[in-house]
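# What the coordinates show
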Amino acid sequence: MTVLQKRDARGFETGPIRKFVVGATLAAVGVGAAFGLSQVIDEAETKVMGTTVAERNAIEQGRAASIEPADRALIERYTPAASTPAGIEQAGGQAMVDDYSNRWQAGASTSQAGPR
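Report follows, based on the coordinates. The model shown is predicted, which means the values in this text are computed figures rather than measured ones. (Residues numbered from 1 in each chain as written. Predicted model: local features only at pLDDT ≥ 70, side-chain atom pairs only at ≥ 80, totals over all residues. Heavy atoms only, no water.)

## Looking at the overall build of the protein
Test applied: Secondary structure elements follow DSSP: runs of H or I no shorter than four residues count as helices, runs of E no shorter than two count as strands, and numbering proceeds from the N terminus. The rule is simple: take the accessible area with a 1.4 Å probe, protein chains only, and divide by the maximum for that residue type; under 20% is buried, over 50% is exposed, in between is partly exposed. Computed by Shrake-Rupley with a 1.4 Å probe, the accessible areas treat only the displayed protein chains as cover when residues are assessed.
Check the secondary structure of the protein and you find five helices and zero strands. Its helices and strands taken in sequence order, the protein reads α-α-α-α-α from the N to the C terminus. Per-residue burial for the protein yields a buried fraction of 2% across its 116 residues. Only carbon and sulfur atoms are counted for the fraction: they give 64% of the accessible area of the protein, which is about 10500 Å².

Spelled out as structure tokens, the structure:
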């Protein structure tokens, strides 16, 4: 049996150079895909951050209005009543969140720079 016949009998052999080329190609494709995905994410964040508070509120109101009636009924059904312990706890928690956000917004409008 000649050398060529032995190679034909063994089939296709991959050498280290071929393995390196295939690995480098896969790595380049992976990096390119990750970069493209990061660009898409950055665009989405830029669009959200570029809106004003009034625009975001209008968007949220539009989303709330687009909730299906069945979904709205489920939300109303499982919202705790104000007189139940769960409702009281929820109201207290919401009051704390509102107070904190009001303080945070008030603090954001004042300057932190000054004499030390």
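The rest of the description comes next.
## What about a nonpolar patch on the surface?
Test applied: Residues enter patches when their relative accessible area tops 30% and they take part in no salt bridge; the joining distance is 9 Å for like charges and 5 Å for the nonpolar side chains Val, Leu, Ile, Met, Phe, Trp and Tyr. The working definition used for a salt bridge is a side-chain nitrogen of Lys or Arg within 4 Å of a carboxyl oxygen of Asp or Glu.
A cluster of nonpolar residues, Ile-17, Phe-20 and Val-21, forms a patch on the protein surface that exposes about 350 Å² of accessible area. Note that Phe-20 resides in helix H2 (residues 16-49).

## Remarks on the pattern of salt bridges
Taken as a whole, this structure holds one salt bridge when the rule is applied. A salt bridge links Asp-99 to Arg-103, with the nearest nitrogen and oxygen atoms 3.4 Å apart. Here Arg-103 and Asp-99 lie together in helix H5 (residues 85-108), a separation of four residues that amounts to about one turn. You can call Asp-99 partly exposed: its relative accessible area is 39%.

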